[in-house]
Amino acid sequence: MAVRVQIPAPLRPLTGGADTVEVEAKDIAGVIDGLEGKHKGLKDRLCDQTGNLRSYVRIFVNDEDIRFLQEKSTALKAGDTVAIVPAIAGGC
Amino acid sequence: MKIKQAHLDAIAAHGKTGYPHEVCGVLLGRYGDGRVARSVEMKNIETDQPRIRYQIDPAEHLRAQRESRDAGLDIIGYYHTHPDHPPRPSPTDLARAMATGGLTDGSFHIVMSIEDGVRASAPCGWIFRFDSERFDEEPFEIED
């Protein structure tokens, strides 16, 4: 099923400038693979070397943070909007 | 990077209000345009050490991302304060930025020191470079 993925500005050089990419996926793991299939390099930005989502990358399905759903196994339905958001943090 | 004095004044006021905790926010504009169009306060959800740490609420960040898209803008950067600490990115700032995997590559960061809760330092601007793993100083051009 097709879902729309909103791409944050710093990743758009990898999508040819597109701010939204449509992929066929049944869950978030499929979205990540679908993004990589269309735009090589995106998976490295989202996942670490073991394939896990990087610790300061957040993914939302509509308004829900996948950490509070089933993480990368979170199921999707046609028309869902997936948003990628950096977790901004720091300190002095 | 161009920014209005009113935005810097708003960041300083936010920092004084939040003192002794760190405060944070997002900077909106058009990517590659080199100009901050808006600054928007975010909530610091850090609970363990809010005097020396900050964390933007991801849900609030998502809302800001959506609203900026609707307005034809992008989140081009972030600001945060260092209460009684120098106004430059710390090793913690760099480590957290690297952990975003480049999702903030090229973003503009303002760091402002708030001393004793009353004196705001001259702000410093920085660009985060994921591939070179550092913040490069970025001078301001202040507009009226």
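Criteria and cut-off values
- Each chain carries its own residue numbering, running from 1 in the direction its sequence is written.
- The order in which chains are written sets their letters, starting at A; the order in which ligands are written sets their numbers, starting at 1.
- Per-residue local features are limited, in this predicted model, to residues with pLDDT of at least 70; the limit for side-chain atom pairs, both in listing and counting, is 80 or more; totals at the level of whole chains, interfaces and linings are taken over all residues.
- Hydrogens and water molecules were not included; the side-chain quantities draw on all heavy atoms of the structure.
- Only DSSP runs of H or I with at least four residues qualify as helices, and only runs of E with at least two residues qualify as strands; both kinds are numbered from the N terminus onward.
- Side-chain atoms alone can form a polar contact between residues adjacent in sequence; in general such a contact is a pair of N or O atoms within 3.5 Å, and within protein one must be able to donate a hydrogen while the other accepts it.
- Any two residues whose heavy atoms approach within 4.5 Å are treated as being in contact.
- Buried area adds together the accessible area that both of two parts lose upon being put together, with accessible area traced by a 1.4 Å probe.
- Throughout this description, the term salt bridge denotes a Lys or Arg side-chain nitrogen within 4 Å of a carboxyl oxygen of Asp or Glu.
- Within 6.5 Å between ring centres, the rings of Phe, Tyr and Trp (the latter by its six-membered ring) count as paired, and their orientation is classed by plane angle as stacked under 30 degrees, edge-to-face over 60, tilted in between.
- Throughout this description, buried means an accessible area under 20% of the type-specific maximum (1.4 Å probe, protein chains only), exposed means over 50%, and partly exposed covers the range between.
- Take the buried Ala, Val, Leu, Ile, Met, Phe, Trp, Tyr and Cys residues and link them wherever side-chain atoms come within 4.5 Å; each set so joined is a nonpolar core.
- Strand pairing follows a simple DSSP-based rule, namely that at least 2 bridges must link the two strands.
- Axis lines are fitted through C-alpha atoms, for helices just across the contact stretch, and the angle between N-to-C directions can take any value from 0 to 180 degrees.

(A) Spotlight on the side chain of Q65(B). Residue placement: Q65(B) occurs in helix 2 (residues 58-70). Separated by 3.2 Å, the side chain of Q65(B) and the backbone oxygen of I84(A) make a polar contact. Once residues lying within four places of it in the same chain are set aside, the contact partners of Q65(B) are I84(A), V85(A), P86(A) and I75(B).

(B) Inspection of the environment of R66(B) at higher detail. With respect to the helices, strands and loops of the structure, R66(B) is situated in helix 2. Within the local environment of R66(B), its side chain forms a polar contact with the backbone oxygen of N62(A), the two atoms lying 2.7 Å apart.

(C) Spatial organisation of the interface of chain A and chain B. Chain A puts 30 residues into the contact, and the matching count from chain B is 32 residues. Across the chain A to chain B interface the summed buried area is about 2,700 Å²; carbon plus sulfur atoms make up 57%. Of all residues in chain A, the largest losses of buried area upon contact with chain B belong to R45(A), I88(A) and C92(A), amounting jointly to 28% of the total for that side. Taken together, chain A and chain B are joined by three salt bridges. Across the pair R66(B) and D63(A) runs a salt bridge, and its minimum N-O distance is 2.3 Å. On inspection of chain A and its partner chain B, the count reaches 15 residue pairs in polar contact (both at pLDDT 80 or more). Contributions of two or more residues to the side of chain A that touches chain B are made by helix 2 (42-46), strand 3 (57-61), strand 5 (81-86) and strand 6 (89-91) of chain A. Broken down by element, the side of chain A that touches chain B gets its largest block of residues, four residues, from strand 5 of chain A.

(D) Region of interest: the packing of aromatic side chains. All names here are of chain B. Per the counting criterion, the structure on display carries two aromatic pairs over all chains. A centroid spacing of 5.9 Å and a plane angle of 90° characterise the contact between F108 and F140, whose relative ring orientation is edge-to-face. In this pair, F108 is assigned in strand 6 (residues 108-115) and F140 in the loop between strand 9 (134-137) and strand 10 (141-143), connecting sequence segments 32 residues apart. Of the residues examined, F140 reaches a relative accessible area of 24% and is grouped as partly exposed. Seen in terms of ring centroids, F128 and F135 are 5.3 Å apart; in terms of plane orientation they differ by 50°. Their pairing is tilted. Given the relative accessible area of 14%, F135 is considered buried.

(E) Broad picture of helix 3 (residues 91-98) of chain B. Along helix 3 of chain B, the positions that sit buried rather than exposed are T92(B), D93(B), A97(B) and M98(B). Elements in contact with the buried residues of helix 3 of chain B: strand 6 of chain A together with strand 4 (53-55), strand 5 (74-83), strand 8 (124-129) and strand 9 of chain B.

(F) Spotlight on the nonpolar core. Ranked by size, the top nonpolar core spans 22 residues in total, and within it V31(A), L35(A) and L46(A) carry the most contacts. Among the elements of the structure, strand 1 (2-6), strand 2 (20-24), helix 1 (28-38), helix 2, strand 3 and strand 5 of chain A are those that each provide at least two residues to this core. In terms of residue count, the dominant contributor to this core is helix 1 of chain A (four residues). With residues up to four places along the chain from it excluded, the contact list for V31(A) reads V3(A), V5(A), V23(A), A25(A), L76(A) and V82(A). Counting 15 residues, the second-largest nonpolar core is a separate cluster that includes I11(B), V23(B), Y79(B) and I127(B).

(G) Spotlight on the sheet that holds strand 4 (residues 64-65) of chain A. If you walk across this open sheet you meet the five strands as 2-1-5-3-4 (chain A), and the pairing is mixed. Looking at which strands have only one partner, the edges of the open sheet turn out to be strand 2 and strand 4 of chain A. Pairing of strand 1 of chain A with strand 2 of chain A, which is carried by five bridges, proceeds in the antiparallel orientation. Paired with Q6(A) across the strands is T20(A), a residue of strand 2 of chain A. Those strands touched by helix 1 of chain A are strand 1, strand 2, strand 3 and strand 5 of chain A, and its axis lies near 115° from that of strand 2 of chain A. Sitting on the sheet, helix 2 of chain B is in contact with strand 1, strand 2, strand 3 and strand 5 of chain A, with an inclination near 115° to strand 5 of chain A.

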